[in-house]
Amino acid sequence: MKKKSADSCDERILRDCFQMYTDPERGLMAIAESVDVTLLPPKKITVMLIGNHSAGKSSFINWYIKEQVQKTKGPGQGFTIVASGCKRETLKSKATFELYPHFRALQEVKGVSKYISTEISTSREKRFSLVTFVDTPGLVDGDMQYPFDVDQAILKLGDMCDLILVFLDPVGQALCKRTLDIVGQLNERQGDRLRFYLSKADEAGGESDRQRVMMQIVQELCKRPGLNKSSLDMTTIYIPKTNKPTQCINQIDQVCHTIQKTINLTVQNTLNTLEKDCELIREAVTETLNNDWQYCKENRSAGSVSCALGMLGFFVMVLFALMMGIIYWEILEMVLGTYGTEILLLYLAPLIRVLDTVPVQIQLITSGFLMQLSVTLIILAFIFLNTKPTLSEKQKIQLQKKLEYVQEVVKAKKKKLHQEYLQWSVSDQNTD
Ligand SMILES: Nc1nc2c(ncn2[C@@H]2O[C@H](COP(=O)(O)OP(=O)(O)OP(=O)(O)O)[C@@H](O)[C@H]2O)c(=O)[nH]1
Ligand SMILES: [Mg+2]
C-alpha cells in the first residue's frame, strides 16, 4: 500500500508540472510567450530499444505493459512509438508527428516518415504512464534492404531519447556488425544513455555457454571507440514464462529499475527546469517593463522635438505665405478682400520696407527657400512623431500580475512539490 501511494507521487509531480506549463491562461508557456520567450513543457521519459533482429525488443514492450500491442512474429518494419493514453489507438505517421512534434527531426532522414507509427495503450502496468517506448526495426547484416537509412534514423532518435536499451540475443545475430557499429556511434554521442542486455537468456544454454556468448559480445563491442570492459555492464534477461522452468537467473527487474531511475532523474530535472524557467520569465518581464519605461521616456522627448519642429515649420510656412502675399498682393486681395489686405499690409509695413530694398529675384529665391525649409521641418516633425510602441497601463498591470503569480504561486508550488518528492524518495528507499 505504501509503495502504491509513493509510486503515484512522481507521476503526480510530472502531471502538476505539465499543467503549470500548459494551462492556456496562467500556464508558464503562455506567460513566457507574452514576453517572447519559448518554453518547452515537461515530458515523459522516452526509452528506445535497439538490437538485432528477433532479439526480443517488441516482446519486452508487450511484457512491460502486459498487452500484446507489438507484433512479435516476423521482422518489425519501421519505428513504433508505444505510449500510454486513455483509448487504445493506432496512429499513422502524420498523426504521430502531430502528437510528438519533438520527433519531427526524424523527417530529415529520407524515406523514414512513412515508417513511423504510434500504438496508444490504456495499460497502467509498472511505470508505463510515465514512459514512451520507441520500438525499432531489427538490425541485420548483408542483403537486407531497409526502405530508409536505418542507421541515421536510429542515431537521430538516440538524440531524442532518455534511455537506449540495447538487446543482443545469444541465439540470433548478436554479433551483427550493423548493430555493433550503431552502438559504437551511439556511444560516442549518448554513451550515458546506453544499457546493454543479453536478451532471451533462457535460450542461451547452460551458464558456461551464456558466459562465453557474453564474453564474445563484450569483446566485439570493445573494438568500437569509447567502449571498454570496465564501462560495459551486461545484464541477462528473458521474458518470464510460467510454463517453462529455467535455471537461468533473470535480471529483467533491473531493466524496470533502470527505467525508474531515469524517471526519478527526469522528475528532478523537471523541478530544476521549472525553477530556472520561473527565473527566465522574471528576467524577461523585468526587461520588458524596463524597456517600456525607456521607450516611454524616448517617446516623450521625441514628442517634444517633433512639436518644436512642427511649430517652427508652421511659422516658416506662414512667413513664406506672407512673402508671397506681399510679392503677389492680388492673390492676398482675392483671399482677404480689399479691407483685410489693407489692414494686413499696415501691420506688415516694416517687412515690406525691408523687402523693397531687395530685388524681386532675390525675394522669389528667398520665398522658395522658406517653402523648402518649412516642408523639411514638417517632414522632420512627422519623423520624430514616429514613436516606438509601448504597453498600455492595462498591459503593464497584467504583466505585473503574471510576474507575481510566477514568483509567488508557481515558485511556492514548486517548493512544495520538491519537498514531497524528497520525502517520497526517502520513503521509497526505505521500502526497497
Ligand atoms: N525464449 C524466449 N523467447 C523470446 C524472448 N523474447 C522474445 N522471444 C521470442 O523471440 C521472437 C522474436 O521476438 P520479438 O519480440 O519479435 O523480437 P524483436 O527484437 O522485436 O524482433 P524484430 O522486430 O524483428 O527486430 C518471438 O517469437 C518471441 O516470442 C525471451 O525472453 N525468451
Ligand atoms: Mg520487433
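As the structure is a prediction and not an experimental result, all values here were calculated from the model. (Residues numbered from 1 in each chain as written. Chains lettered and ligands numbered in written order. Predicted model: local features only at pLDDT ≥ 70, side-chain atom pairs only at ≥ 80, totals over all residues. Heavy atoms only, no water.)

Q: Help me understand the overall build of the protein chain, please; the structure alone is not making it clear to me.
A: When you go through the protein chain residue by residue, the secondary structure sums to 12 helices and eight strands. The C-alpha extent of the protein chain, read off along each of the three principal axes, is 125 × 55 × 40 Å. Taken over 432 residues, the protein chain has a buried fraction of 42%. Taking the intrachain contacts of the protein chain between residues at least 6 apart in sequence as the baseline, contacts between residues at least 24 apart amount to 78%. (Helix = DSSP H or I, 4+ residues; strand = E, 2+ residues; numbered from the N terminus. Buried < 20%, exposed > 50% of the residue type's maximum accessible area, 1.4 Å probe, protein only. Contact = heavy atoms within 4.5 Å.)

Q: Sorry, what's going on with the packing of aromatic side chains here?
A: Each aromatic ring pair is summarised here by two numbers: the centre-to-centre distance and the angle between the ring planes. By the definition in use, this model includes 11 aromatic pairs. Look at F60 and W63: their rings are 5.6 Å apart centre to centre, the planes differ by 40°, and that puts the pair in the tilted class. Note that F60 and W63 are positioned in helix α3 (residues 57-65) at a spacing of three residues, about one turn of the helix. Accessibility expressed as a relative area gives 0% for F60, which makes it buried. Since its relative accessible area comes to 17%, W63 is described here as buried. Seen in terms of ring centroids, F60 and F167 are 5.6 Å apart; in terms of plane orientation they differ by 75°. Their pairing is edge-to-face. On the criterion of sequence distance, the pair formed by F60 in helix α3 and F167 in strand β6 (residues 163-168) is long-range, its members being 107 residues apart. Grouping residues by exposure puts F60 and F167 together as buried. Members of the aromatic cluster, connected to one another through ring pairs, are F60, W63, Y64, F128, F133, F167 and Y197. Residue placement shows R26 over the ring face of Y405; its charged tip is 4.1 Å from the ring centre. (Phe/Tyr/Trp six-rings, centres within 6.5 Å; stacked < 30°, edge-to-face > 60°. Lys NZ or Arg CZ within 6 Å of the ring centre and 35° of its normal.)

Q: Would you take a moment to explain the site of ligand 1 for this structure?
A: By nearness alone, 20 residues border ligand 1, and H53, K57, S58, S59 and I239 come closest of all. The side chain of E203 places a nitrogen or oxygen atom 2.9 Å from a nitrogen atom of ligand 1. Between I239 and ligand 1, the recorded distance is 2.7 Å, taken from a backbone N or O atom to an oxygen atom. When ligand 1 sits alone it has 640 Å² of accessible area, and the protein chains cover 86% of it. Looking at the shell around ligand 1 residue by residue, the class counts come to four nonpolar, 10 polar and six charged. (Near = heavy atom within 4 Å. Polar contact = N/O pair within 3.5 Å; in protein donor to acceptor, adjacent residues only side chain to side chain. Areas by Shrake-Rupley, 256 points an atom, 1.4 Å probe, with all protein chains shown as cover. Nonpolar A, V, L, I, M, F, W, Y, C, P; charged D, E, K, R; others polar.)

Q: Is there a simple way to explain α3 in this structure?
A: Residues spaced three or four apart along an α-helix face the same direction, because each turn holds 3.6 residues. Burial runs high along α3: eight of the nine residues are buried. For α3, every residue scored as buried is listed here: K57, S58, F60, I61, N62, W63, Y64 and I65. At its buried positions, α3 is contacted by β1 (45-51), β2 (79-84), β4 (116-121), β5 (131-135), β6 and α8 (252-327). One or two positions beyond α3, positive phi appears at K66, with a value near 55°.

Q: I tried to follow the pairing of β6 on my own but got confused; where do I start?
A: In the case of a regular strand, side chains alternate between the two sheet surfaces. Burial analysis of β6 places six of its six residues in the buried class, the great majority of the element. Burial along β6 is two-sided: the face carrying L163, L165 and F167 and the face carrying I164, V166 and L168 are both buried. Here β1 pairs with β6 via five bridges, running parallel. Residue pairing in the sheet places M48 in a bridge with I164 of β6. Two strands pair when backbone bridges link them, and β6 and strand β7 (residues 194-198) are joined in this way by five bridges, in the parallel orientation. Residue pairing for β7: I164 is matched across the bridge by L194. (Pairing = 2+ DSSP bridges.)

Q: I'm lost on unusual backbone geometry in this one. Help?
A: Among all residues save glycine, negative phi is the norm, and among peptide bonds the norm is trans. Residues other than glycine seldom take positive phi values, yet S54 does so here, at roughly 70°. Along the chain, S54 turns up in the loop between β1 and α3. A relative accessible area of 39% means that S54 is categorised as partly exposed. One non-glycine residue, K66, adopts positive backbone phi at about 55°.

Q: Honestly, the nonpolar core in this entry has me stumped. Any pointers?
A: Counting 53 residues, the largest nonpolar core has F60, Y64, F133 and L165 as the members making the most contacts within it. Among the secondary structure elements, those contributing two or more residues to this core are α1 (2-22), α2 (28-34), β1, α3, β5, β6, α8 and α12 (393-431). Among the elements that line this core, the one with the most residues is α8, at 13 residues. Three or more residues apiece are contributed to this core by two domains, here domain 1 (43-250) and domain 2 (290-406). (Core = buried A, V, L, I, M, F, W, Y, C linked by side-chain atoms within 4.5 Å. Domains from an automatic or database assignment.)

Q: Where do I start with the domain arrangement of the protein chain in this structure?
A: Much of the literature gives interface size as the accessible area that the parts lose upon coming together. The domain architecture assigned to the protein chain consists of domain 1 (43-250) and domain 2 (290-406). The straight-line distance from the C-alpha centre of domain 1 to that of domain 2 is 76 Å.

Q: Could you clarify how one ought to interpret the confidence of the model for the protein chain in this entry?
A: Low pLDDT means the predicted coordinates in that region are not meant to be read closely. When the pLDDT values of the protein chain are averaged, the result is 89; 96% of them are 70 or greater. Ignoring residues within four places in sequence, the model shows residues 1-6, a span with pLDDT below 50, making five contacts including any to other chains. (pLDDT = per-residue confidence, 0-100.)

Q: For this particular structure, what's the right way to read the sheet that holds β2?
A: The strands making up a sheet associate through hydrogen bonds between their backbones, and the pairing can be parallel or antiparallel. Read from one edge of the open sheet, eight strands run β3-β4-β2-β5-β1-β6-β7-β8, paired in mixed fashion. Two strands close off the open sheet at either side, each with one partner strand: β3 (89-91) and β8 (234-236). Across the sheet, the mean angle separating the axes of adjacent strands is 25° when strand polarity is ignored. Of the pairings in the sheet, the one linking β2 to β5 comprises three bridges and is antiparallel in character. Looking at β5, one finds that I81 is bridged to V134. Strands in contact with helix α5 (residues 150-160) are β1, β2, β5 and β6; relative to β1, the strand with the most contacts, it is inclined by about 150°. (Axes fitted to C-alpha atoms, helices over the stretch in contact; angles between N-to-C directions.)

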